[in-house]
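Observations on the three-dimensional arrangement
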Amino acid sequence: MVMRKLYKEFFVSIRKSFKRFLSITLIVLLGVGFFAGIRATSPDMKETLSRYYKENNMYDIELMSNYGISKDDISKIKDKGYDIEGSISFDVVVNNDDSLYAVKVMSYDKNSDINKLVLMEGRMPSNSDECVIERNDYTEDYKIGDSIYLDSDDVKNKELKIVGIVKSPLYVSDERGSTNLLTGKINYFLYTDVSNFNTDVYTEAYIDIDSDNDIFDSKYEDEVDGYEKKLEDVTDIIGNSNYEEIVKQYEDGIDEATSLYEENLDRYNDIKDVTYIDSTVKDTMKDELDSAKVKIDDLKKELDELDKVEWYVLDLSSNAGYYSYDADTERIANIAKVFPMVFFVVAILICLTTMTRMVEEERIQIGTLKSLGYDDVSISFKYVLYAMLATVIGSLVGVVIGFNIIPNIIFNMYKIMYNVDGFVSSFYWGLTLQGMVIALICTVGATIYACTKTLKEVPASLLRPKAPTVGKRVWLEYIPFIWKRLKFSSKVTVRNVFRYKKRMFMTILGIAGCTGLILAGFGLKDCITNLVPNQYEKIFNYQVEVTLNDNLNVDELDSVYEQVNELDEVNKALKVEKESIEIKNKDTNQSITLVVPFSDTSDFIKLQDRKSGKKFDLGSGAIVTEKISNLLDINEGDNLVLDGKKDYKVVVSDITENYLYHYIYISRDVYDSDSYNTILVKTDEMSVKEEQEFSNKLKDIDGVSSMSFTSSTEDMFDSTMKNFSYVSLVL
């Protein structure tokens, strides 16, 4: 009976103070919704990629060998119980409308079950003179039915008809790998039928372990590690058929040459003492024997120096797309540990303010209940239930909104970098309970705190209106110059601020928390959207990057440079060698570009310390960009072994400011070459039409492969970065 009346009073309180009830519900909705949404983003993104990989049967382990992989090797590994398929690939330069592109050509087998291609348009190749390509900025001019010419002897049919547009699970990011062609980066890939290749030696093989575990699960990693160790033992046992064939060819050659040498030696011994045979014949035979002996020694030396078989067993972490995707999901997970807490702090403050005011307004009612014999627990139950109901409603609505909206927004932002469709948005009961429990602790805790002080008073005191807080002179009153000029209402406001200090501090903290979130949202947006302007206006001060053909000699390169430099639009030009490299003595999957300027860079690239602005000059050391130095723990004075077209051993001299991609700068003296493949061009600001006209002039110069305008890069990023405005809106 008693509780029934309290329940009735509880619902009456909600109806009378619905706006107050709604304010608690909304702040909890925001807090729990954001908490659940951003916490769910990382697992949702991982589940999306995992499902995409499973649907297309992405490989678990990649095998490579320095001697290639033969069909016999594949059969031997299959006999050990592995689901393995071979693949052939090579890089080639493709000329499209006088622009040169580095293309990775890969084999397509209709019977293959690993790394299945996703057909976006058209059909798959059915003949050796057909191919499918990916769709990106470099292939946007191609249509189904067009032809691509491959200037390579690795294929039988060099002119291929495009019959389809595909996506490959091997490439979920924009990174296509490195090559020794052109600028050192693959521009796009294509697949042609396996029957079109002139070799039956595979360049790589892929293994499917048919795991039931998620690819981001530690159990999956342990499972793959186990397979890798077994495969290392297997490859040691089976050797390499191609290597064995090469060794056999050397041994057969040595045996044949030795047999012939011994036969000729016997003939020479038979005639060397015969006087009637001309000495010229004897000398000729002696020279032939010496040459044969040298040939035998050379063959033996080559056999001894032949590289031993090396097998490379790689897991998914060696795939650039997977690696960067995993790293980005981890970054989101780290952000999710901090940001939602601000909402909960604000929720505590709002709930504390709201419930304190509600309790104070109903103090006479509380005094009446205490006079009638209700205990403190029964009286406070109403207020606790009030806060709990608002919290539960806000939590349930919040998680539904959070799970369905926030992960989608964040994933759509990342789609500018990752080519993965079919986003998976899941409901997580664990996160729901976590968010609800945290919200309940915040709101119920604040409610209990608000009730405690009032419930300590005796009924007689509660039945009387609460005495106003004693007014005191404030410090501003001791400054007559200001105080006398304030209006009466302003003086009352100032006194009340210091009179009700708890309300003042809660208001300040609440506003500070909300302001912090708004600033964090705009700050996040500004940090990201300013990346491109900072890179292409502050660091890179050139407007055009001209790529040259890779088959030009030094005189031809200088001729192209002079022609470019003489164009009316060109203010200055800089010769640069650019190539993709790896750092041998650092474990990394990052794409790094080596930049070798042939003269002073100050007008084209700013090499400087981000904090102090100190300028750097290229000397005998290497200048490394800031982000890659942090990722690989590179410091000034460290030794690096750079693996590119040739190996370089350099000492890091400075760490320079940079915002996009990773670069290492070395001087021409360290590079020790007169060859270059890029010209950086400074121009005045141009309209789109003027850029097109300038581009046509560059295309008319023999030796120019392609060109890219920094304005186009900025426009591309600006259009895609608009999605980040949603983050500011949510925050």
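Scroll up a little and you will see the structure.
In this text the structure is predicted, and so the values were computed from the model without any measurement.

This part covers the overall build of the protein. For the protein, the count of helices and strands is 22 helices and 20 strands. In the protein, which comprises 731 residues, the share counted as buried stands at 46%. Sequence-distant contacts in the protein: of pairs separated by 6 or more residues, those separated by 24 or more amount to 80%. On the protein, roughly 37900 Å² of surface is accessible, and the fraction owed to carbon and sulfur atoms is 52%.

Packing of helix 9 (residues 363–371) against helix 10 (residues 376–414) leaves a shortest axis separation of 10 Å and a crossing angle of 145 degrees. Handedness of the helix 9/helix 10 crossing: right-handed. Contacts from Gln365, Ile366, Leu369 and Lys370 in helix 9 reach Asp376, Ile379, Lys382 and Tyr383 in helix 10. Looking at the contact of helix 9 with helix 10 residue by residue, the classes come out as four nonpolar, one polar and three charged.

Moving on: the packing of helix 8 (residues 339–361) against helix 11 (residues 429–455). The description of two helices packed together rests on the angle between their axes and the distance between the axes. Their axes nearest at 8 Å, the elements helix 8 and helix 11 cross at an angle of 35 degrees. Crossing hand, helix 8 versus helix 11: right-handed. Of the residues in helix 11, those in contact with Phe344, Ile348, Cys351, Leu352, Met355, Thr356 and Val359 of helix 8 are Gly435, Ile438, Ala439, Cys442, Thr443, Ala446, Thr447, Tyr449, Ala450, Cys451 and Thr454. In terms of residue class, the contact of helix 8 with helix 11 is built from 13 nonpolar, five polar and no charged.

Within the structure shown, the criterion is met by 23 aromatic pairs. Measuring from centroid to centroid gives 4.6 Å for Phe411 and Phe423, while their planes differ by 25 degrees, and the two rings are stacked. Of the two residues, Phe411 is situated in helix 10 and Phe423 in the loop between helix 10 and helix 11; the sequence distance between them amounts to 12 residues. You'll find Phe411 and Phe423 in the same group, each marked buried. Every member of this aromatic cluster is reached through a ring pair, and the members are Tyr536, Phe540, Tyr542, Tyr663 and Tyr665. We note Lys230 situated over the ring of Tyr227; from NZ or CZ to the ring centre the distance is 5.7 Å. Sitting over the face of the ring of Tyr561, Lys575 holds its NZ or CZ atom 4.8 Å from the ring centroid.

So, on to the pattern of salt bridges. Summed over the entire model, instances satisfying the criterion amount to 18 salt bridges. Between Glu545 and Lys578 there is a salt bridge, with its nearest N and O atoms 3.2 Å apart. Taken together, the positions of Glu545 in strand 12 (residues 544–548) and Lys578 in strand 13 (residues 570–583) put the pair 33 residues apart, joining distant regions of the chain. Lys578 carries the same exposure label as Glu545, and that label is buried. Between Lys575 and Asp558 there is a salt bridge, with the nearest N and O atoms lying 3.2 Å from each other. Of the two residues, Lys575 sits in strand 13 while Asp558 sits in helix 17 (residues 554–565), which places them 17 residues apart along the sequence. On the basis of relative accessible area, Lys575 is assigned to the partly exposed category, the value being 21%.

Within the span of helix 16 (residues 531–539), buried status applies to Val532, Gln535, Tyr536 and Ile539. One side of helix 16 holds all its buried residues, which, seen down the axis, span an arc of 115 degrees.

To continue, consider the side chain of Asp60. With respect to the element layout, Asp60 can be found in the loop between helix 2 (18–55) and strand 1 (61–65). Here Asp60 sits buried without a salt bridge, and the closest side chain of opposite charge, Lys54, lies 6.9 Å off (N-O distance). Within polar-contact distance, the side chain of Asp60 engages the backbone nitrogen of Ile209 at 2.9 Å. Side-chain polar atoms of Asp60 contact the side chain of Tyr220, separated by 2.6 Å. Each residue touching Asp60, except ones within four places of it in the same chain, is listed here: Ile207, Asp208, Ile209, Asp210, Tyr220, Val224, Leu314, Asp315 and Leu316.

This part covers a nonpolar patch on the surface. On the surface, Trp475, Tyr478, Ile479, Phe481 and Ile482 cluster together into a nonpolar patch covering about 580 Å² of accessible area. With respect to the helices and strands, the residue Ile482 is situated in helix 13 (residues 480–483).

The pairing of strands in a sheet comes from backbone hydrogen bonds and takes either a parallel or an antiparallel form. Strand order in this open sheet of four strands is 2-10-1-11, and the pairing throughout is antiparallel. Two strands in the sheet have a free side with no partner beyond their single neighbour: strand 2 (83–87) and strand 11 (311–315). This sheet shows a mean twist of 25 degrees between the axes of neighbouring strands, independent of strand direction. Its contacts with the sheet put helix 3 (residues 71–79) on strand 1, strand 2, strand 10 (204–208) and strand 11, and the angle it makes with strand 2 is roughly 165 degrees.

It is worth spelling out a negative patch on the surface at this point. A surface patch of like charges, here negative, comprises Asp97, Asp98, Asp137, Glu140, Asp141, Asp174, Asp700 and Asp702. Assignment of secondary structure puts Asp174 in the loop between strand 8 (159–167) and strand 9 (188–193).

For the rest of this paragraph, the subject is helix 9. Turning to helix 9, its buried residues are Arg363, Ile366, Gly367, Leu369 and Lys370. Looking straight down helix 9, one finds its buried side chains confined to an arc of 160 degrees; they lie on one side.

Conventions we followed
- Along each chain, the written sequence defines residue order, and numbers are assigned to residues from 1.
- Residue-level local features of this predicted model are given only where pLDDT is at least 70; pairs of side-chain atoms are given and counted only at 80 or more, and the full residue set underlies all totals for whole chains, interfaces and linings.
- Heavy atoms from the whole structure form the basis of all side-chain values; hydrogens and water molecules are not counted.
- Here a strand is any run of E in DSSP of at least two residues, a helix any run of H or I of at least four, and the numbering for each starts at the N terminus.
- Throughout this description, buried means an accessible area under 20% of the type-specific maximum (1.4 Å probe, protein chains only), exposed means over 50%, and partly exposed covers the range between.
- By definition, residues are in contact when any of their heavy atoms lie within 4.5 Å.
- Exposure was quantified through the Shrake-Rupley algorithm and a 1.4 Å probe, taking into account, for residues, occlusion by the shown protein chains and nothing else.
- Comment: axis = line fitted to C-alpha atoms, over the contacting stretch for helices; angle = value between 0 and 180 degrees taken between N-to-C directions.
- Working rule for handedness: look at the near helix, and if it is turned counterclockwise from the far one by less than a right angle, call the crossing left-handed; if clockwise, right-handed.
- We call Asp, Glu, Lys and Arg charged. Ala, Val, Leu, Ile, Met, Phe, Trp, Tyr, Cys and Pro are nonpolar, and the rest, Gly among them, are polar.
- Stacked, tilted and edge-to-face pairs are distinguished by plane angle, under 30 degrees for stacked and over 60 for edge-to-face with tilted covering the rest, among Phe, Tyr and Trp rings (Trp via its six-membered ring) whose centres lie within 6.5 Å.
- We call a charge positioned over a ring when the NZ of a Lys or the CZ of an Arg lies within 6 Å of the ring centre and within 35 degrees of the ring normal.
- Between Lys or Arg on one side and Asp or Glu on the other, a salt bridge is scored when a side-chain nitrogen of the former is within 4 Å of a carboxyl oxygen of the latter.
- Each direction from the helix axis to a C-beta atom contributes to the arc, which is the arc of those directions.
- By the counting rule applied here, Lys and Arg register as positive and Asp and Glu as negative, while His and the ends of each chain are not counted.
- In protein, a polar contact requires one atom able to donate a hydrogen and another able to accept it; more generally it is a pair of N or O atoms within 3.5 Å, and residues adjacent in sequence count only if both atoms are side-chain atoms.
- Patches draw on residues past 30% relative accessible area with no salt bridge. Two like charges within 9 Å are joined, as are two nonpolar side chains (Val, Leu, Ile, Met, Phe, Trp, Tyr) within 5 Å.
- If DSSP finds at least two bridges between two strands, the strands pair.
- For the purpose of locating charges, the reference atoms are NZ of Lys, CZ of Arg, CG of Asp and CD of Glu.

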